[in-house]
Amino acid sequence: MRLSVVIPTWCEAETVAACVAHARGIGDEVIVADACSPDGTARRASAAGAQVVEAPRGRGPQLDAGASAARGDALLLLHADTRLTAGAREAIEHALRDPATVGGNFRLRFEPAGPWASLFAAANDLRRRALGIYYGDSAIFVRREVHAALGGFGDHPLMEDYAFVRRLEQTGRTAYVTHVEALSSARRFADAPLRTLAVWALVQGLYEVGVPTPWLARLYTDIR
């Protein structure tokens, strides 16, 4: 199985080289889908060994642009501030060895460690097990043809990963890998955990009742 790692970036110049190096240890090719970052992210990603493609800003369009350039049988969609612990490649191969499995994700843990990081991680684990709900920071992987058949992520400024996961879960079996973890940065909620939790709950609820994602994006502060 050939695995393509797709990383959407926006102003990640300080960390993108390390991210690409990490991804190269997992996948057969690394594609950075950059939204014309003004800080030199694309240049540093290319120097680190990634194939760089340009895309309109937004994780949905960027992930789809990266997937369009991919040549692998499967895609690993990795956020620039997320790392996977040892055994990720083997876990993906094992999961997709079953032809009925269309994709999956990894157990999420936030860094640096702390009470709020543990609480957010536990909530994500419970939601994944009980409701089959997960997001892009848990490192989604999917067969490339399934991604294409589902129409990709689409042009959503927010909730693109949740919308995609809902369609993915309806398509076939998914794997929840718990012995390998996605280590994601806690930078989004580190300074205001209660406010972040409230915003997440509000956005999720409004999305479920049909509020357009461009409106929801106004509630979600860009942390870069």
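For the structure itself, consult the block above.
Quick caveat, the model's predicted, so the values are computed rather than measured.

Calculation notes
Residues numbered from 1 in each chain as written. Predicted model: local features only at pLDDT ≥ 70, side-chain atom pairs only at ≥ 80, totals over all residues. Heavy atoms only, no water. Helix = DSSP H or I, 4+ residues; strand = E, 2+ residues; numbered from the N terminus. Rg over C-alpha atoms; globule rule 2.2 N^0.38 Å. Buried < 20%, exposed > 50% of the residue type's maximum accessible area, 1.4 Å probe, protein only. Contact = heavy atoms within 4.5 Å. Lys, Arg positive; Asp, Glu negative; His and termini not counted. Charge placed at Lys NZ, Arg CZ, Asp CG, Glu CD. Phe/Tyr/Trp six-rings, centres within 6.5 Å; stacked < 30°, edge-to-face > 60°. Polar contact = N/O pair within 3.5 Å; in protein donor to acceptor, adjacent residues only side chain to side chain. Pairing = 2+ DSSP bridges. Axes fitted to C-alpha atoms, helices over the stretch in contact; angles between N-to-C directions. Patch = residues over 30% accessible without salt bridge, like charges linked within 9 Å, V, L, I, M, F, W, Y side chains within 5 Å. Areas by Shrake-Rupley, 256 points an atom, 1.4 Å probe, with all protein chains shown as cover. Salt bridge = Lys/Arg side-chain N within 4 Å of Asp/Glu carboxyl O.

Draft legend 1. View of the overall build of the protein. For the protein, the helix and strand inventory stands at nine helices and eight strands. Taken over the C-alpha trace, the protein has a radius of gyration of 16 Å; the compact-globule value for 224 residues is 17 Å, and the two agree within 12%. With the C-alpha coordinates aligned to their principal axes, the bounding extent of the protein is approximately 40 × 40 × 35 Å. For the protein, buried positions account for 51% of its 224 residues. Sequence separation of at least 24 residues holds for 76% of the intrachain contacts in the protein that already meet a minimum separation of 6. When the 25 positive and 25 negative side-chain charges of the protein are each reduced to one mean point, those points stand 1 Å apart.

Draft legend 2. Quick peek at the packing of aromatic side chains. Applying the stated criterion across every chain, the model contains six aromatic pairs. An aromatic cluster is built from F110, W116 and F120, whose rings are joined through pairwise contacts.

Draft legend 3. Structural context of unusual backbone geometry. Along the chain, E111 connects to P112 via a cis peptide bond; the corresponding omega equals 0°. Within the fold, P112 resides in the loop between β6 (101-111) and α5 (115-131). Even without being a glycine, C36 presents a positive backbone phi close to 55°. Take C36: it is sitting in the loop between β2 (29-34) and α2 (41-47).

Draft legend 4. How the structure looks around the environment of T41. Mapped onto the secondary structure, T41 falls in helix α2. A sequence separation of 24 residues divides T41 from A17, and the C-alpha atoms of the two residues are 8.7 Å apart. Those residues in contact with T41 that sit more than four places away from it in its chain are T9, C11, E12, A13, V16 and D34. Among the polar contacts made by the side chain of T41, one reaches the main-chain amide nitrogen of E12 at a distance of 2.8 Å. A distance of 2.7 Å separates polar atoms of two side chains, one belonging to T41 and the other to D39.

Draft legend 5. Quick peek at the sheet that holds strand β7 (residues 140-143). Here eight strands make up an open sheet; going across it, the order is β3-β2-β1-β4-β7-β6-β8-β5 and the pairing mixed. The two strands at the open ends of the sheet, each matched to only one other strand, are β3 (51-54) and β5 (82-84). Neighbouring strand axes in the sheet, compared pairwise and without regard to direction, differ in orientation by 30° on average. Where strand β1 (residues 3-9) and β2 come together, six bridges link them in parallel fashion. Each residue of the ladder has a partner; that of V5, found in β2, is V30.

Draft legend 6. Inspection of a nonpolar patch on the surface at higher detail. Taken together, W116, L119, L194 and L197 make up a surface patch of nonpolar side chains, about 390 Å² in accessible area. Residue position: L197 is located in helix α8 (residues 193-208).

Geometry only, nothing functional implied.
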